[in-house]
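# Remarks on the overall topology
Chain by chain, the residues:
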Amino acid sequence: RDGLTDDRSAGLFRDMGEHVTRSCCLGWDFSTQRIPRVKVVAIDAELNVFYEDSVHFDRDLPEFGTQGGVHVHKDRLTVTSPVLMWIQALDIILEKMKASGFDFSQVFALSGAGQQHGSIYWKTGASLALTALSPDLPLHQQLKTCFSISDCPVWMDSSTTAQCRQLEAAVGGAQSLSCLTGSRAYERFTGNQIAKIYQQNPEAYSRTERISLVSSFAASLFLGSYSPIDYSDGSGMNLLQIQDKVWSQTCLGACAPHLEEKLGVPVPSCSVVGAISSYYVQRYGFPPGCKVVAFTGDNPASLAGMRLEEGDIAVSLGTSDTLFLWLQEPTPALEGHIFCNPVDPQHYMALLCFKNGSLMREKIRNECASCSWSEFSKALQSTEMGNGGNLGFYFDVMDITPEIIGRHRFNAENHEVPAFPRDVEIRALIEGQFMAKRIHAEGLGYRVMPKTKILATGGASHNRDILQVLADVFGAPVYVIDTANSACVGSAYRAFHGGKDVPFTEVVKLAPNPRLAATPSPGASQVYEALLPRYAKLEQRVLFRTQRPLE
Ligand SMILES: Nc1ncnc2c1ncn2[C@@H]1O[C@H](COP(=O)(O)OP(=O)(O)O)[C@@H](O)[C@H]1O
Ligand SMILES: O=C(CO)[C@@H](O)[C@H](O)COP(=O)(O)O
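Basis of the calculations
Residues numbered from 1 in each chain as written. Chains lettered and ligands numbered in written order. Predicted model: local features only at pLDDT ≥ 70, side-chain atom pairs only at ≥ 80, totals over all residues. Heavy atoms only, no water. Core = buried A, V, L, I, M, F, W, Y, C linked by side-chain atoms within 4.5 Å. Buried < 20%, exposed > 50% of the residue type's maximum accessible area, 1.4 Å probe, protein only. Helix = DSSP H or I, 4+ residues; strand = E, 2+ residues; numbered from the N terminus. Contact = heavy atoms within 4.5 Å. Pairing = 2+ DSSP bridges. UniProt positions renumbered as here; feature names shortened; annotations may be inferred. Phe/Tyr/Trp six-rings, centres within 6.5 Å; stacked < 30°, edge-to-face > 60°. Near = heavy atom within 4 Å. Polar contact = N/O pair within 3.5 Å; in protein donor to acceptor, adjacent residues only side chain to side chain. Areas by Shrake-Rupley, 256 points an atom, 1.4 Å probe, with all protein chains shown as cover. Axes fitted to C-alpha atoms, helices over the stretch in contact; angles between N-to-C directions. Parallel < 35°, antiparallel > 145°, perpendicular 65-115°, else oblique. Nonpolar A, V, L, I, M, F, W, Y, C, P; charged D, E, K, R; others polar.

### Some details on the nonpolar core
Judged by nonpolar contacts, the single largest core of 90 residues is most densely connected at L239, L259, L263, I313, L325, L467 and L470. It is helix α17 (residues 422-443) that contributes the most residues to this core, 10 residues altogether. With residues up to four places along the chain from it excluded, the contact list for L263 reads I194, R210, I211, I229, M237, L239, W247 and L252. Counting 59 residues, the second-largest nonpolar core is a separate cluster that includes W28, V38, F50 and C152.

### Some details on the sheet that holds strand β22 (residues 416-417)
Read across the sheet, three strands follow the order β20-β21-β22 without closing on themselves; strand pairing throughout is antiparallel. Edge positions in the sheet fall to β20 (391-395) and β22, since each of these pairs with one other strand and no more. Sheet topology note: the strand β21 (residues 406-410)/β22 ladder contains two bridges and is antiparallel. Bridging across to β22, R409 finds its partner in V417.

### With respect to unusual backbone geometry
Cis geometry is adopted by the peptide bond preceding P402, which originates at T401 and carries an omega value of -10°. With respect to the element layout, P402 can be found in the loop between β20 and β21. Unlike most non-glycine residues, R76 shows phi in positive territory, near 65°. Tracing the backbone shows R76 in the loop between β5 (71-72) and β6 (79-82). Among the residues examined, R76 registers a relative accessible area of 64% and is labelled exposed. Positive phi is not limited to glycine here, since H117 has a value of about 80°.

### So, the UniProt feature "domain: Carbohydrate kinase FGGY C-terminal" (unreviewed entry) in the protein chain
Under the present numbering, the feature "domain: Carbohydrate kinase FGGY C-terminal" (unreviewed entry) in UniProt falls on residues 314-497. When the span residues 314-497 is considered, its composition is 36% helix and 22% strand, and the gap between its end C-alpha atoms is 21 Å.

### Things to note about the packing of aromatic side chains
With the rule as written, the count across this model stands at 21 aromatic pairs. Ring geometry for F50 versus F102: centroids 6.3 Å apart, planes at 10°, classification stacked. You can see F50 sitting in strand β4 (residues 49-56) and its partner F102 sitting in the loop between α2 (83-99) and β7 (107-114), a full 52 residues away along the chain. According to the relative accessible area criterion, F50 is buried, its value standing at 2%. We classify F102 as buried; its relative accessible area is 6%. Taking the centre distance of 5.3 Å and the plane angle of 75° together, the rings of F108 and F496 count as edge-to-face. A residue pair is termed long-range when its members are at least 10 positions apart, and F108 in strand β7 and F496 in helix α19 (residues 486-497) qualify at 388 residues. Using a relative accessible area of 8% as the deciding quantity, one classes F496 as buried.

### Focus: the pairing of β6
Side chains V79 and S81 project from β6 onto one buried face, and the interleaved T80 and P82 project onto a second face that is buried too. When β5 meets β6, the two strands line up antiparallel, connected through two bridges. Considered in β6, the bridge of V72 is made with V79. Hairpin geometry of β5 and β6 is characterised by an intervening segment of six residues between the two adjacent antiparallel strands and by a positive phi of about 65° at R76.

### Things to note about the site of ligand 1
With respect to spatial proximity, the complete set of residues near ligand 1 consists of G318, T319, S358, E362, W373, G458, G459, A460, N463 and I466. In this structure, T319 approaches ligand 1 through a side-chain N or O atom, which is 2.7 Å from an oxygen atom. The side chain of E362 places a nitrogen or oxygen atom 2.4 Å from an oxygen atom of ligand 1. Starting from 580 Å² of accessible surface for ligand 1 in isolation, the protein chains cover 65%.

### Section: the packing of helix α15 (residues 358-368) against α17
Between α15 and α17, the least distance of the axes is 10 Å, while the angle of their chain directions is 170°. In this view, α15 runs roughly antiparallel relative to α17, as classed from their interaxial angle. For the pair α15 and α17, contact is made by M360, R361, I364, E367 and C368 and by R422, E425, I426, L429, I430 and Q433, respectively. Looking at the contact of α15 with α17 residue by residue, the classes come out as six nonpolar, one polar and four charged.

Pasting the structure below:
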């Protein structure tokens, strides 16, 4: 496994005895991925994870009173995290590493990931405090007065609908904003969060000398000066022109005044942003030349951790389903997010979320397969690819991609039917879910290539028969990987790669390979080449019919 095994196994060397002399890189993660905590892994030159540790926000720092690492406010829309909690978590984890005998002198580079979209507001004068850190005191004691906002907006916040509409209006509509910045306006995206702070708390905004993302904030703690925002995480702000890699003046102007100087100049994600602050050299024994490679968002870091390459696609089959795509020529749309690629500055990545994932599969399993995954599998085995032309749409909750609710079934003549036999229902669900993924990925510019790999993760990736349908619909082999901690491991890989003039794939070629789980069945491409356009057309029909009235 390349993940933190579980909550309580933290702080461990994987193989006692050998660690003392290993030259290594550190990967940090300040996200809420799976468990809300700050995490670290150390990897050696062979890319083996030999140390891992974490600090759990709610359990280890109860004084901040968070649940899941956040405060949900009375309006149920505003969601924030205390900035000092993140800093104190870093203090604790560094002390734990020191106490366990971790040899910091062997760390030649580090990088990290942050939950995307969250923003940190450094008060005027904070840069002086950052550069003058005393090695005798923990960070949180020295930085406690450095922030103009103490509880920071995070990605779960959805309180900025008014600001989203203002931003879209300023650039000529949602599609124009998406073409420019990779996404239409989203409440959690940082530009809209900054606009809200400026509108509701102008004093705090004017007392702010620098605004960081969670990723660049964490990098700043290691640098002892402000770290620039990297292109990839910067793409989650509704502010960065993803093609030109510069801030959009129109978007900045629509959000708040003097924003460009508060954000600093964005940099390529593989940049070395500086050497570690002398604070860490003196307090923990890091080498003075230890490189800090730009931190990025947790999803971009996961893409690096999964070692996605051009043409590859990662499919997470969890409670909801998520797709990570590697894109060469993005076509931004009203759905999904396009980010600059974190490991190849010429390319892009995309994120698509499908809400009706495993919960929908579980419901159909309970209704049609006596609550048993093995019965469910038997139904997939006993039905043919293409399901005799029967197609289904299953969305018990309003989905994000596409915005459809309800169950809709069509026979081979495109006539709507009220029900399918049980086995047909199961295959219609799984084929439909994967055809939708392929269609929506292609809508963002994705193309299946001869070398395409599909990397499957999440609960349903344990089911071979589900993965077989995935391989057939995409016409590409499916591999399974453990991504329990892909953002952290990806950050350590990125630390290795940062500043080197070689492709990322070259640097990570020693990393463990994913396991092959399914290859396309003979004849699959003919079957699905015919079905995919039909599914897309029917989806439009259902969408048109179920679309909510415009507000
Ligand atoms: N053998 C299986 N076949 C299909 N789905 C499965 C199987 N085992 C578990 N799952 C599904 O995996 C889901 C959990 O996925 P997981 O990735 O662990 O969740 P999360 O998205 O919450 O991290 C469960 O809802 C369950 O329906
Ligand atoms: O909002 C998004 C992506 O757009 C989230 O994925 C955040 O990046 C943080 O989520 P975790 O993965 O850390 O829970």
